[in-house]
Structures are given as C-alpha cells and as structure tokens.
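An overview of the molecular structure
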Amino acid sequence: MTAITSLSLETKENTHSSNYLLFIGLVTTTAVLRYSNSAGPVSGPPPGGPTIQVDWSLNQARSIRTNLTASGPRPNPQGSYHYGLINTTKTIRLANSAGLVNGKQRYAVNSVSFLQPDTPLKLADYFQIGGVFRVGSISDYPNGGGIYLDTSVLGTDYRAFIEIVFENYEDIVQSWHLDGYSFFVVGMDGGLWSTASRNQYNLRDAIARCTVQVYPKSWTAIYVALDNVGMWNLRSEFWARQYLGQQLYVRVYTASTSLRDEFPIPKNALLCGRKFHDTFS
Ligand SMILES: [Cu+2]
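Being a predicted model, the structure only gives us computed values, none of them experimental. (Residues numbered from 1 in each chain as written. Predicted model: local features only at pLDDT ≥ 70, side-chain atom pairs only at ≥ 80, totals over all residues.)

**Regarding the pairing of strand E14 (residues 218–225)**
Within a regular beta strand, the side chains point alternately toward one face of the sheet and then the other, so they alternate between its two faces. Extensive coverage of E14 is indicated by the burial of seven of its eight residues. Sheet topology places strand E11 (residues 183–190) next to E14; six bridges connect them, and they run antiparallel. Paired with Met 188 across the strands is Thr 220, a residue of E14. (Buried ≥ 20, exposed ≤ 12 C-beta atoms within 10 Å, placed from the backbone. Helix = DSSP H or I, 4+ residues; strand = E, 2+ residues; numbered from the N terminus. Pairing = 2+ DSSP bridges.)

**Overview of the nonpolar core**
Burial of nonpolar side chains together is a common tendency in soluble globular proteins. Counting 45 residues, the largest nonpolar core has Ile 164, Ile 222, Val 224 and Leu 248 as the members making the most contacts within it. Other than its neighbours up to four places away in sequence, Val 224 contacts Ile 162, Ile 164, Tyr 181 and Phe 183. (Core = buried A, V, L, I, M, F, W, Y, C linked by C-beta atoms within 7 Å. Contact = placed C-beta atoms within 7 Å.)

**Quick look at the sheet that holds strand E15 (residues 230–236)**
Judged by pairing direction, the sheet is mixed, and its six strands sit side by side in the order E6-E8-E16-E15-E10-E13 without closing on themselves. Two strands close off the open sheet at either side, each with one partner strand: strand E6 (134–135) and strand E13 (211–214). Across three bridges, strand E10 (residues 174–178) lies against E15 in antiparallel orientation. Along E15, the bridge assignment pairs Trp 176 with Ser 236.

**A word on unusual backbone geometry**
Even without being a glycine, Asn 102 presents a positive backbone phi close to 50°. Assessed through the 6 C-beta atoms surrounding it within 10 Å, Asn 102 is described here as exposed. In this structure, Ser 111 is a non-glycine residue whose phi angle is positive, near 75°.

**Looking at the pairing of E10**
Inspection of the sheet shows E10 paired to E13 by four bridges, in the antiparallel sense. Along E13, the bridge assignment pairs Ser 175 with Gln 213.

**Here we look at the confidence of the model for the protein**
With 86% of its residues at a pLDDT of at least 70, the protein reaches an overall mean of 88. Here residues 1–14 is modelled with pLDDT under 50, and outside its nearest four sequence neighbours on either side it reaches five contacts, counting other chains as well. (pLDDT = per-residue confidence, 0-100.)

**Let's talk about the environment of Ser 175**
Along the polypeptide, Ser 175 turns up in strand E10. When the 15 C-beta atoms within 10 Å are taken as the criterion, Ser 175 is described as partly exposed. Ser 175 sits 62 residues away from Glu 237 along the chain, and the two C-alpha atoms are 5.4 Å apart. With near-sequence residues (within four places) excluded, Ser 175 lies in contact with Thr 211, Gln 213, Ser 236, Glu 237 and Phe 238.

Laid out in structure tokens, this is it:
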C-alpha cells in the first residue's frame, strides 16, 4: 500500500486533449485522471515501468543531465571544478544479494549482512572504543561467497576521489543512498560492469545526487569526492532490505584532529552503548 502525502499537478487550462494515466510510488494499481474538458480516453496500455522496461528506463535516466549552457541556472554551473577531469584513486564495487542466514531472511552487500553494533559507530570511533567495529570488515568488491553477519565498515581516505560501482545481479530495482555526500552519477547500463564500461561514462554533464537507482541485472557507477570526514551510512532505500542488512558504513578517515576537517562532538551529545557508563572525557 502506498500512502500519498502530497500530490500537486500543475497544468494549463484547456490543454487536456485526453485523459492521463497516473502512477504513484510502487505500482500496484492505476488510476485515470479525467478532466471535465477531456476530449478522449487514455491512449494505449500503461508503460511496463522500470522493472521490465530496463532499456527504456536506462535511456531516460541517462538523459537527465546538468545544463551547462549559458541558459542554465548560472553561466557555468560547475565553475572551474570538473569532476570528469579528476583521476579516481580507488574503485569500490558493491553487489546486493538476498538469502537466508540461520533460517531467516537477510539481505547483504558483498556477502555481508549488516549487524547493528551495541554502540553507535561514530561514538565508538571518536572515543576509540575497541571491539565495536573493524575497518575492512567488508570487501571492496563482490566475492560471490555466502551471506554472513557482521558490522560492515569500509575504510576510505579523507580527500580521496573514488569510483563506486553498484552491481545488481537481482531482478528488482535497487535504490542506494549515501549519507553526508552528493555524488556524480557517471554511468549505468544493463549486464555486468567491467573496466571497459568506463568508456561510456558521462564525464561532462552528469547530475549530482545523494540517492541513485540500479536497474535489474544492471549496474550504476558514481564518482564521490570524499571531502567530509566521518562515519557515513550507505544503504538501500528499500526499508525492509536496509533493516535486514543491506547497508554498510563508509569511514572517511583522517588522522588530523583539526577543526578545519571536522567539528568536535557537542558537549551535550547523548552517549549510549558502551560509552553510556563512562564519564565524558
Ligand atoms: Cu542521507
């Protein structure tokens, strides 16, 4: 069931030559909008949607670009910063999967199904509490192994410029969100990603987003400038999958404790987990 929280349609009067099909959220039903001055019924059957019309959807998604022309939002939207000219220093490939662990449904990234730790990861990292997480507890490429439970933390370097490829071998659309960042969606296509896939990347006018779709049996590649120190959640936006393990944390680390790189933890920050009984130091 889909809850409609808000819906507004902007139309000009007297332009409704026919009725319209309307799709909201997960398509479980369809509705027909019938204007009082409609001249005819909807034309043809409803489109198949992203799950089965993958090629059509890929083309549509790739056609969404940043307007770099003089008539764009400003004369040169990117200024002197051109994401496509920066060399990536690392490639992280992440594949989602589904399966049973101990007889229960779980979802995973590179075979690791995320297990919530007893202490928030940022607190554990800041106060250097051992035994909560292990950097590198998830591989940065899919290894095809069976699903297992762990508190997955991927180690990355502050100020690195990296490539992340989301590989979806499953037959439903995936939706990935990265906290703390906006990234460039440089490519997506059907089939398996390979280094040759880079030849078709859009290194010129891709759009910056914080959530991106990956079509069934397809891949999506993004470029991210890791300019924000922290412990950031990378997760499926399909809530059941995220809750049952399809998420991980990206630790963007610097040994510097300079305020220029990261603000200090607030004095009144709530402590919990293994930090709960300690005094604030
Ligand atoms: Cu977020």
